Amino acid sequence: MTIKTEKFEHVNYLWDDQVADQLDPVERLRYRSNILGADQRITNTGGGNTSSKVEMTDPLTGEKIDVLWVKGSGGDLRTSTRANFASLYMDKFLSLENIYNKAEVRGVKTEIEDRMVDMYRHTTFGLNPAASSIDTPLHGLIPFRHVDHMHPISVIAIAASRDQERLTQEIFDEEVGWVPWQRPGFDLGQVMKQKLQQDPDLKGLVMGQHGLINWANDDKACYELTLTLIEKAARYIEQHDKGDKTFGGQKYKTLDENARKEILVKLLPKLRGMVSQANRFIGTVHVTESVLQFVNSLDAPRLAEIGTSCPDHFLRTKIKPLYVDWDSQKESYELLIDKLEKGLEAYRADYKAYYDACKHVDSPAMRDPNPTVILIPGLGLIAWGKNKSESRVTAEFYSLAIEVMRASEAISVYQGLPRQEAFDIEYWLLEEAKLKRMPPEKEFARSVVIVIGAGSGIGKATAHRVAKEGAHVVCADLSQEAAQATAQELIETIGVGIGIAGTGISGCGPALGLAVDITNRTSIRSMFENVILAYGGIDNIIITAGIFVPPDIQGYISDDKWALTYAINVTGPYLVADEAKKIWQAQGLKGSLVVTTSANAAVAKQGSFAYDTSKAAANHLVRELAIELSPLVRVNGLAPATVVEGSSMFPRDRVISSLVKYKIKFDESESTVSLREKLADFYAQRTLTKSPITLADQAEMAYLLSSSKFSKTTGQIISVDGGLHEAFLR
Ligand SMILES: [Zn+2]
């Protein structure tokens, strides 16, 4: 292994015989795929595929036969398991060529090409449910045992250059051939097979505007060949690197860290509102030296207009980004907003023109015409997607596209995919069918929900509840540790559900844990800044944070405890709403605020002066905020009563003093959980529904009030108290 490392400077050599030699042939393919996918310079997330033709016993005849194991549709090479590989009877797969060749109209983009994808299922070996991808013929029709098809930056750079055929020859001699761009399918497989028939010594092919494919009869040799070819291309590019002259040199300067953050915090909610008028988007700000060198460069406007080249890239980045020509050193923020508004308008019009010019009679309807990548000199790259994972991958893909352009412009002139070809990928009926098979979006998909008080009790239960609805959940709490613990729970339990279909990406960024002290405006502001930088904006806020300070034995409450009760229960929600208002208004998108008050707000009784009056004030705060924040944001109150289970408001000593107060029998040695149950049962008997009130009951209402199910309700206090007639509001 050490010998190999010296040979490779631009890729990671990861093959380990000690690991590989313990594996069966299919697991060796899985292993090879994982280590290829582990290096972004070899292939992008979700991109590329691998195959092995393996001799196996046919369960039907007991005979030895060849089975094509090939990476199936969806999933990522790095994280692939055996289940991600389709298995096809080789002889049956090869017989499909007869069917294909018999079709009267055949060739790239013909109907028979798309129909072939369904035929692969008839050739399945071993009842394997994994779906074959459109790239299957690229593997099946190549008469070598092992095939790797990758999307390496260095090879795409060659494939996206004006003189790609000449460069392929110059860099790889006779070893590697070249095929012009064509949409993957059965025809492309046949084109490759013919190439190999004409020149049996070929070890691989550069695929125009696309990537690399190569083969060998030994799997380790195939892996090493893949790395060797990529290394060769990368070295050639390195020798031609333009250094300071890259992208025509620098035109603009980067803002310093603080100034950049200050602008982004102001800009992102505004921008999110601009791109989210039809569909809400979640943002990712991507700033690296390389991205800054690109956005600040002289050539950025020209290159951005050409768009991304690799089809895998532009399915997420759209055919091109929006570049905004703004001088951060000389021009004002207001001018940036003005330029963005005009730029977006032009972009949408341009996208519609592209759709109208390229569409076919059976094309799917036009999709959201907003850009998913926005480039701003001095600031960096801002990507938008339907969730955090998607916007992250979009940012990753465009930064890979930047590397492709850097390399291509170093060795030649960068070229995009012709618009019609781009369209035929973007609006491919097979892609549309994939989108249609996806489950419908959940209630809080595309939304950011902040739960303040998420470290314990109702807040924690609410964080879990809204996460189930697809929300990006900001778990905020006075205790940073508790906030992060809840966020971590969410990432572990449901993070997977927020991944991106078809890429194998799971659980990145569905939850965030942040500290906040709601009695302190600076602390609240800083929390919102972090949320904006993480997601680009906010949608719903649910405040469950509250405090109950028991009076002393004589029934008195000190002035500072009185003040603290009001600071947390009344002033806190007000300050949160007041700071959030600016963000909601900048976005111009509908939102919701839920404040947790209490049934105590309506019931006068002895011994909880501060708490009860503060909650009565909170009830009225809800009404005033509903007026103040209309029509953009709905504000409602959730009034729980006596939730004993898991509540931080009921520590052991409070439970015991309540049991004593209500003359309920208990034993000092009983666990807190058991004591709480006794108290909860007692409370339940006082209600009209005679049932204990749980955290889940409160979380459900917090969710419902925030959801579209209550879209016509604002300024209301909803009690979840089991039915306490003394607490009826009137
Ligand atoms: Zn590909």
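Residues numbered from 1 in each chain as written. Predicted model: local features only at pLDDT ≥ 70, side-chain atom pairs only at ≥ 80, totals over all residues. Heavy atoms only, no water.

1. Things to note about the overall build of the chain
Note the threshold: Numbering of helices and strands starts at the N terminus; helices are DSSP runs of H or I of at least 4 residues and strands are runs of E of at least 2. Any residue under 20% of the maximum accessible area for its type is buried, any over 50% is exposed, and the rest in between are partly exposed; the area is computed with a 1.4 Å probe on protein chains only. Should any heavy atoms of two residues lie within 4.5 Å, those residues are counted as being in contact. A 1.4 Å probe and the Shrake-Rupley method give the accessible areas. Residues count as covered only by the protein chains that appear here.
Along the chain, the regular secondary structure elements total 26 helices and 18 strands. The C-alpha extent of the chain, read off along each of the three principal axes, is 100 × 70 × 55 Å. In the chain, buried positions account for 56% of the 730 residues. Restricting the contact set of the chain to residue pairs at least 6 apart, pairs at least 24 apart contribute 74%. As displayed, the chain has an accessible area near 31000 Å², and 53% of this comes from carbon and sulfur atoms.

2. Focus: the packing of aromatic side chains
Let me state the cut-off plainly: Only the six-membered ring of Trp is used, alongside the rings of Phe and Tyr, when aromatic pairs are assigned; centres must lie within 6.5 Å, and planes under 30 degrees apart are stacked while those over 60 apart are edge-to-face, with the rest tilted. A ring is scored as having a charge over it whenever the NZ atom of a lysine or the CZ atom of an arginine sits within 6 Å of its centre and within 35 degrees of its normal.
One pass over the full model with this rule turns up 23 aromatic pairs. Their ring planes at 70° and their centres at 5.4 Å tell us that Trp 15 and Tyr 31 sit as a pair that is edge-to-face. One end of the pair, Trp 15, is in the loop between helix 1 (2-7) and helix 2 (17-20); the other, Tyr 31, is in helix 3 (residues 25-37), with 16 residues separating them in the sequence. Given a relative accessible area of 2%, Trp 15 falls into the buried group. Here the aromatic rings of Phe 682 and Tyr 683 are separated by 5.9 Å at their centres, their planes lie at 55°, and the arrangement is tilted. Residue Phe 682 is classed as partly exposed on the basis of its relative accessible area of 24%. Overall, Tyr 683 belongs to the buried group, its relative accessible area being 6%. Aromatic ring contacts, followed pair by pair, group Phe 8, Tyr 13, Trp 15, Tyr 31 and Tyr 223 into a single cluster. Here Arg 82 stacks its cationic end above the ring of Trp 69, 5.7 Å away from the centre of that ring. When the ring centre of Phe 548 is taken as origin, the NZ or CZ atom of Arg 654, which lies over that ring, is 3.9 Å away.

3. Brief notes about the pattern of salt bridges
We count it as follows: Each salt bridge in this description consists of a side-chain nitrogen of Lys or Arg and a carboxyl oxygen of Asp or Glu lying within 4 Å of one another.
One pass over the structure, following the stated rule, counts 48 salt bridges. Arg 30 serves as the salt-bridge partner of Glu 27, at 2.8 Å between the closest nitrogen and oxygen. Taken together, the positions of Glu 27 and Arg 30, both in helix 3 and three residues apart, correspond to about one turn of that helix. With respect to class, Glu 27 is no different from Arg 30; both count as buried. Of the charged contacts, one joins Arg 406 and Glu 403 as a salt bridge, the two residues approaching to 3.1 Å between their closest N and O atoms. Note that Arg 406 and Glu 403 are positioned in helix 16 (residues 388-411) at a spacing of three residues, about one turn of the helix. The exposure class assigned to Arg 406 is buried, which follows from its relative accessible area of 16%. Residue classification places Glu 403 among the partly exposed residues on the basis of a relative accessible area of 23%. Several salt bridges share partner residues, and in doing so they unite Arg 521, Arg 525, Asp 578, Glu 579 and Lys 582 into one network.

4. Observations regarding helix 9 (residues 186-198)
We count it as follows: An expected span of 1.5 Å times one less than the residue number is assigned to each helix.
When the terminal C-alpha atoms of helix 9 are compared, their 19 Å separation across 13 residues agrees well with the 18 Å that a helix rising 1.5 Å per residue should span. Within the span of helix 9, buried status applies to Phe 186, Asp 187, Leu 188, Gly 189, Gln 190, Met 192 and Leu 196. Considering only its buried residues, helix 9 is in contact with helix 4 (90-102), helix 5 (111-119), helix 6 (136-140), strand 5 (176-179), strand 6 (204-207) and strand 7 (211-216).

5. Quick look at the nonpolar core
This is how it is decided: The nonpolar core is taken to be a set of buried Ala, Val, Leu, Ile, Met, Phe, Trp, Tyr and Cys residues, with the residues joined through side-chain atoms within 4.5 Å.
If you look at the biggest cluster of nonpolar residues, it comprises 64 residues, and the most contacted ones within it are Leu 267, Ile 452, Phe 528, Ile 541 and Leu 593. Counting residues per element, this core draws most heavily on helix 11 (residues 257-275), which supplies eight residues. If near-sequence neighbours (up to four positions away) are discounted, Leu 267 is found in contact with Tyr 333, Leu 336, Ile 337, Leu 340, Ile 376, Leu 379 and Ile 382. Val 11, Ala 160, Ile 171 and Val 291 belong to the second largest nonpolar core, which has 60 residues in total.

6. Focus: the confidence of the model for the chain
Using the following cut-off: What pLDDT expresses is the predictor's confidence in each residue, scored from 0 to 100.
On average, residues of the chain carry a pLDDT of 92, and 97% of them reach 70 or more. Of the regions scoring below 50 in pLDDT, residues 496-508 engages in 39 contacts with residues more than four places distant in sequence or in other chains.

7. Considering the packing of helix 21 (residues 521-535) against helix 22 (residues 559-587)
Applicable threshold: Each axis is a line fitted through C-alpha atoms, and for a helix only the stretch in contact is used; angles between axes span 0 to 180 degrees, taken between their N-to-C directions. When describing relative orientation, an angle under 35 degrees is termed roughly parallel and one over 145 degrees roughly antiparallel, while 65 to 115 degrees is termed roughly perpendicular and anything else oblique. The crossing is said to be left-handed when, going from far helix to near helix, the turn is anticlockwise and less than a right angle, and right-handed when the turn is clockwise.
Where helix 21 contacts helix 22, the two axes come as close as 10 Å, and the packing angle between them is 40°. The orientation of helix 21 with respect to helix 22, classified from their angle, is oblique. Here helix 21 runs over helix 22; the crossing is right-handed. Of the residues in helix 22, those touching helix 21 at Arg 521, Ile 524, Arg 525, Phe 528 and Ile 532 are Tyr 574, Leu 575, Val 576, Asp 578, Glu 579, Ala 580, Lys 582 and Ile 583.

8. Quick word on the environment of Ser 669
Put simply, the rule is: Here a polar contact means two N or O atoms within 3.5 Å. Within protein one must be a hydrogen donor candidate and the other an acceptor candidate, and residues neighboring in sequence count only if both atoms are side-chain atoms.
Secondary-structure assignment places Ser 669 in the loop between helix 24 (652-661) and helix 25 (672-686). In terms of polar contacts, Ser 669 uses its side chain to reach the side chain of Asp 667, at 2.8 Å.

9. Some thoughts on unusual backbone geometry
Most peptide bonds take the trans form, and the phi angle of most residues other than glycine is negative. Omega for the bond connecting Ser 630 with Pro 631 falls within 30 degrees of zero, at 5°, which places this linkage in the cis form. Relative to the assigned elements, Pro 631 resides in the loop between helix 23 (609-628) and strand 17 (633-640). One non-glycine residue, Asp 173, lies in the positive phi region at around 55°.

10. Side note on the sheet that holds strand 9 (residues 322-323)
Short version of the rule: Two strands form a pair only when DSSP identifies at least two bridges running between them.
Strand order in the open sheet made by the four strands is 8-11-10-9, with mixed pairing throughout. Strands at the two margins of the open sheet, each flanked by one partner only, are strand 8 (282-286) and strand 9. With five bridges joining them, strand 8 and strand 11 (residues 380-385) adopt antiparallel strand pairing. Bridge pairing links Gly 283 to Trp 384 in strand 11. Seen against the sheet, helix 11 touches strand 8, strand 10 (373-376) and strand 11 and runs at an angle of roughly 40° to strand 11.

11. Points about the sheet that holds strand 14 (residues 511-515)
Strand order in the open sheet made by the seven strands is 14-13-12-15-16-17-18, with parallel pairing throughout. Edge positions in the open sheet fall to strand 14 and strand 18 (717-720), since each of these has one partner strand only. Between one strand axis and the next, the sheet turns by 20° as a mean value, whatever way the strands run. Contacts between helix 21 and the sheet are confined to strand 12 (448-452), strand 13 (472-477), strand 14 and strand 15 (540-543), with strand 14 contributing the most and set at about 160° to the helix.

12. Section: the packing of helix 19 (residues 457-468) against helix 26 (residues 695-706)
This is how it is decided: Classes in brief: Ala, Val, Leu, Ile, Met, Phe, Trp, Tyr, Cys and Pro nonpolar; Asp, Glu, Lys and Arg charged; the others, Gly included, polar.
Where helix 19 meets helix 26, the closest approach of the two axes is 8 Å, and the angle between their N-to-C directions is 55°. Between helix 19 and helix 26, the interaxial angle falls into the category oblique. The handedness of the crossing between helix 19 and helix 26 is right-handed. Here Gly 457, Ile 458, Ala 461, Thr 462, Arg 465 and Val 466 of helix 19 come into contact with helix 26, specifically with Leu 695, Gln 698, Ala 699, Glu 700, Ala 702 and Tyr 703. Grouping the constituent residues of the contact of helix 19 with helix 26 by class yields seven nonpolar, three polar and two charged.

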